[in-house]
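What follows is each chain in one-letter form.
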Amino acid sequence: MNTEILGVVLQWVCLVVLCYPLGRYIAKVYKGERTWSDFMAPAERWVYRICGIDPNVDMNWKQFLKALLAVNLFWFLWGMILLVCQGWLPLNPDGNAGQTASQAFNTCISFMANCNLQHYSGETGLSYFTQLYVIMLFQFITAACGMAAMAGIMNALKGKTTKAIGNFWVFMTKSVTRVLMPLALLVGILLIINGTPMSFDGKQTLRTLEGNEQVISQGPAAAIIPIKQLGTNGGGYFGVNSSHPLENPNAFTNMLECWAILIIPMAMVFALGFYLRRKKLAWCIFGVMLFAYTAGIVISVSQEMGGSRQIEAMGIAQDMGSMEGKEVRIGSAASAMWGMTTTVTSNGSVNSMHDSQTPLSGMMQMLNMQINCWFGGVGVGWMNYFSFLIIAVFISGLMVGRTPEFLGKKVEAREMKIATLVVLLHPFVILVGTALSSWLAVYDPELASAWLNNPSFHGLSEMLYEYTSSAANNGSGFEGLTDNTDFWNISTGIVLILSRYFPIVGQVAIAGLLAEKKYIPESAGTLKTDTGTFSLMTFVVIFIVAALSFFPALALGPIADYLTI
Amino acid sequence: MKSFWISIKYTVAMCVLLSIGYVVVLRLTAKVVSPNDGEAEVVTLDGRIVGAANVGQTFTDTCYFWGRPSAVGYDGGASGGSNKATTNPEYLEEVEGRIEAFLTAHPYLSREEVPSEIVTASGSGLDPDISPRAAAVQVKRVAENRGLSETTVKNLVDSLTRQPWLGLFGTPKVNVLSLNVALDKMSK
């Protein structure tokens, strides 16, 4: 069998096999049970003492959200100041200048929102100081923030009738010390062994074999790459992210990094099952997500390995598949696999240029982000699925004439309204953003040619992808788009804020509201949510919402691009 | 306001734990296990550093094997891909130009023997490798220009071809720089 396909299969197997035990472990951590990682407890106590946090205080959902929003607001100030001032700060051996205000605004928001859209290139746009004290720090703590929100929701759904949903600071700290940091250390060490740089020296200058001068950017890359993957952040150390040969030196590191993207989001589904003691529900959710993810891989891998029709027509050999924008050591199959993995989660790191992939792969990437809940970002991905679950419960309840209930709690108008708003916000910001930028581009052709790297349908795809990626807090891009302009920095920045915080607030609120309700024991009249039929129902609800909202835009972008001869 | 005050202290505490603690652990690990003390690994010829092992460089001389086209001219300080869509007519013209140039340099090849990866730009612009097939089509040219037999050059390529990981997963590849350095060593 083809070794490229075997690589993809191995990758898939490693994910599916290892997510189950990790999920069990994460559930134990949030429950506060004994685990092997208890040696981290002194570090956690130190953090609580320094900050004046009482870890035994339980918060209600409003206090929980207040703490979450306050810390995020402070991160915004922290990031803005450091990014603008980085030129004067230490650890800047390459002498890179501070970012402009609009660029710093975009960078800061995008890392705060766990999106990691990058309108700069790591080699020239950041110093080692900001790489470590803004970028890497945010990659840890914003991921932990998403995980804490999910832990809060799980806690709310577990209780019979309760106001308390747990302590935000404790969930967040444990997410860092017990899950993210140990895994990041493991991945980091493996990367260093394989040749990823981890030093504080500036660029190396050398003379090549043919006698030209070449400079090589390096630095503390191996500290940032593991957490960029594990925290579903995606912001690369180098400009071209994991297609850079120092960031991703060989087939093994590629597999490791790609594994690190999805392992925690997958494990979170089982963490939920263990936490709520509803393993069957977890298997049902996992089944739906895995089916959608695998279907995407099959389509994209076959497209990329099949190669580009236009190149085929030129009469050259395309044995390796479509290779524009891809690396030889990675190959077209693993590039397609990564493209799907990075878009089903909110990761957004890339190991090939998505702009240059074949049209249908581009469409699958956008569709994954437009649906935004097949595994999704650490914590928040499952929360998006949760919104759809609430809607599916309501719709099926109406269809079969039963009171809509989820986990023993009645779903009523108030929860439905919030869930619907959260679900509809996503297509709204993507389509309005794309419409606005297309309108500007049509009325001012100069603007269009300044922004877009490719003409016609693919140009529209570039803009659609940018807003989709921002709204899904993904951060990958059709990077041909010239996006470091005030218009793109600010408009995508606004989309980022809306689509990170509205859903989190809405979903925690739903969980908090459900938690306060009276627990109704399961009876014959209860609609069962852990069955194949209900899973199918949820899938259909998700697919109809996404397909109906996005199909017209996709038809004008990637589908038209595909049909062009 | 109390939450905000906690936020400030919390962020600083996390800096100590992560931006200092975690980073220092990895830096010390790199001192021990990294191939080149945490810096990009380099390749030397006669005691002179001629390149980074994992970063590609430009080769235009007919005595050398050539790497893939690069959208950034193999600038290791600023990586980048072309980001061209495979449906873009301007892009297709560019590829056509590369195919013709490659055929001119290798007149013994027919068009369908040209592998697409040698005329399309890599994602990073720094791809250090080519496929065994892309090396095979250049063997005759390199052998002629160096006055070596085709078999010698072909054997060298075969010995430097790296098989997929564990022989099973991924792609086979040839590192262009190590191949050319080996050629230079051989010609001495």
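Quick notes on the rules
- Residues numbered from 1 in each chain as written.
- Chains lettered and ligands numbered in written order.
- Predicted model: local features only at pLDDT ≥ 70, side-chain atom pairs only at ≥ 80, totals over all residues.
- Helix = DSSP H or I, 4+ residues; strand = E, 2+ residues; numbered from the N terminus.
- Rg over C-alpha atoms; globule rule 2.2 N^0.38 Å.
- Buried ≥ 20, exposed ≤ 12 C-beta atoms within 10 Å, placed from the backbone.
- Contact = placed C-beta atoms within 7 Å.
- Arc of directions from axis to C-beta.
- Nonpolar A, V, L, I, M, F, W, Y, C, P; charged D, E, K, R; others polar.
- Pairing = 2+ DSSP bridges.
- Axes fitted to C-alpha atoms, helices over the stretch in contact; angles between N-to-C directions.
- Parallel < 35°, antiparallel > 145°, perpendicular 65-115°, else oblique.
- Left-handed = near helix turned anticlockwise from the far one by under 90°.
- Expected span 1.5 Å × (residues − 1).
- Bend = angle between axes of the 7 residues up to and from the residue.
- Domains from an automatic or database assignment.
- pLDDT = per-residue confidence, 0-100.

**Q** Got a sec to walk through the overall build of chain B? Specific residues and values, please.
**A** The secondary structure content of chain B amounts to six helices and five strands. Helices and strands appear in chain B in the N-to-C order α-β-β-α-β-α-α-α-β-β-α. Taking 188 residues into account, the globule formula puts the C-alpha radius of gyration at 16 Å, and chain B, at 22 Å, lies well above it. In terms of overall dimensions, chain B has a C-alpha envelope of 75 × 45 × 35 Å along the principal axes. Taking all 188 residues of chain B together, the buried fraction comes to 45%. In chain B, once contacts between residues fewer than 6 apart in sequence are set aside, the share between residues at least 24 apart is 53%.

**Q** Mind laying out the overall build of chain A, listing which residues take part and the relevant values?
**A** Of the regular secondary structure elements, chain A holds 19 helices and six strands. A compact globule built from 565 residues should have a C-alpha radius of gyration of about 24 Å, and chain A, at 23 Å, falls within 12% of that. By the burial criterion, 60% of the 565 residues in chain A qualify as buried. Taking the contacts inside chain A whose residues are at least 6 apart along the sequence as the reference set, 78% of them involve residues at least 24 apart.

**Q** Tell me what's going on with the environment of Pro-404 of chain A, and back it up with residues and numbers.
**A** Residues and elements named next belong to chain A. One can find Pro-404 in the loop between α14 (380–400) and β5 (405–406). Note on Pro-404: 20 C-beta atoms within 10 Å, which makes it buried. Along the primary structure Pro-404 and Ile-391 are separated by 13 residues, whereas in three dimensions their C-alpha atoms are 9.6 Å apart. Look past the residues within four positions of Pro-404 in its chain and what remains in contact with it is Val-393, Phe-394, Gly-397, Val-411 and Leu-527.

**Q** Explain helix α4 (residues 139–146) of chain B residue by residue, including any values.
**A** All names here are of chain B. Looking at α4, one finds that the buried residues are Val-139, Arg-141 and Val-142. Down the axis of α4, the buried set is contained in an arc of 170°. They therefore lie on one face. Along its buried surface, α4 packs onto α2 (89–105), α3 (132–136) and α5 (150–160). The first or second residue beyond α4 is Gly-147, which carries a positive phi of 65°.

**Q** Help me get a handle on the interface of chain B and chain A, residues and values and all.
**A** Each partner contributes to the interface: chain B provides 88 residues, whereas chain A provides 98 residues. The set of elements that each furnish at least two residues to the side of chain B that touches chain A consists of α1 (2–33), β2 (48–52), α2, β3 (129–130) and α6 (176–187) of chain B. Examining the composition of the side of chain B that touches chain A, we find that 22 residues originate from one element, α1 of chain B, more than from any other. Of the residues that constitute the side of chain B that touches chain A, the class distribution is 41 nonpolar, 31 polar and 16 charged.

**Q** Give a description of the pairing of strand β3 (residues 204–207) of chain A that names residues and reports values.
**A** Residue and element names in this part refer to chain A. Bridge analysis of β3 against strand β4 (residues 213–216) gives four bridges, and the strand direction is antiparallel. Counted as the bridge partner of Gln-204 is Ile-216 from β4. Hairpin connection, β3 to β4: the antiparallel pair is bridged by five residues, and Gly-211 has positive phi, about 90°.

**Q** Before we move on, can you summarise the packing of helix α7 (residues 168–193) of chain A against α1 of chain B with the specific residues and values?
**A** The contact between α7 of chain A and α1 of chain B brings their axes to 10 Å, and the two run at 20°. Between α7 of chain A and α1 of chain B, the angle is such that the two are roughly parallel. In terms of crossing hand, the pair formed by α7 of chain A and α1 of chain B is right-handed. In this structure, α7 of chain A uses Trp-169, Met-181, Leu-185, Gly-188, Ile-189, Ile-192 and Ile-193 of chain A to contact α1 of chain B, whose residues at the interface are Tyr-10, Tyr-22, Val-25, Leu-26, Thr-29, Ala-30 and Val-33 of chain B. Broken down by class, the residue content of the contact of α7 of chain A with α1 of chain B amounts to 12 nonpolar, two polar and no charged.

**Q** Help me get a handle on the sheet that holds strand β5 (residues 173–175) of chain B, residues and values and all.
**A** All names here are of chain B. Pairing in this open sheet of three strands is antiparallel, and the strands run β3-β5-β4 from one edge to the other. At either end of the open sheet lies a strand with only one pairing partner, and these are β3 and β4 (161–162). Sheet topology note: the β3/β5 ladder contains two bridges and is antiparallel. Paired with Ile-130 across the bridge in β5 is Val-174.

**Q** Account for helix α1 (residues 3–31) of chain A, naming residues and giving values.
**A** Residue and element names in this part refer to chain A. Helix length check: α1, at 29 residues, gives a terminal C-alpha distance of 42 Å against a target of 42 Å (1.5 Å per residue), a fit within 8%. The largest bend in α1 amounts to roughly 35° and is located at Cys-19, with the proline Pro-21 lying one to four residues further along. Along α1, the residues classified as buried are Glu-4, Gly-7, Val-8, Gln-11, Leu-15, Cys-19, Gly-23, Ile-26, Ala-27, Val-29 and Tyr-30. Residues of α1 that are buried make contact with α6 (128–158), α7, α9 (251–276), α10 (279–306) and α12 (331–344). Phi turns positive, to about 80°, at Gly-32, one or two residues after α1.

**Q** Just give me the short version of unusual backbone geometry, but keep the residues and values in it.
**A** All names here are of chain A. Unlike most non-glycine residues, Thr-232 shows phi in positive territory, near 45°. Residue position: Thr-232 is located in the loop between α8 (221–230) and α9. Residue classification places Thr-232 among the buried positions, given that 34 C-beta atoms sit within 10 Å. Even without being glycine, Asn-473 reaches a positive phi, approximately 55°. Among the secondary structure elements, Asn-473 is positioned in the loop between α17 (456–471) and α18 (486–516).

**Q** Give me the lowdown on the environment of Leu-45 of chain B, citing residues and values where you can.
**A** All names here are of chain B. Along the chain, Leu-45 turns up in strand β1 (residues 42–45). Between the C-alpha atoms of Leu-45 and Tyr-91, which are 46 residues apart in sequence, the distance is 37 Å. Residues contacting Leu-45, with those up to four places away along its chain left out, are Val-50, Val-181 and Asp-184.

**Q** Can you tell me about the domain arrangement of chain B, naming the residues and giving the values?
**A** Accessible area lost on assembly of the parts is the figure often given for the size of an interface. What the domain assignment lists for chain B is domain 1 (1–39) and domain 2 (40–187). Computed from C-alpha atoms alone, the centre-to-centre distance between domain 1 of chain B and domain 2 of chain B is 39 Å.

**Q** I'd like a rundown of the environment of Asn-88 of chain B, residues and numbers included.
**A** With respect to the helices and strands, the residue Asn-88 of chain B is situated in the loop between β2 and α2. Beyond its immediate sequence surroundings of up to four residues, Asn-88 of chain B is in contact with Asn-454, Pro-455 and His-458 of chain A.

**Q** Which residues make up the confidence of the model for chain B, and what are the values?
**A** With 100% of its residues at a pLDDT of 70 or more, chain B has an overall mean of 92. As scored by the predictor, the complex reaches a pTM of 0.93 and an ipTM of 0.94.

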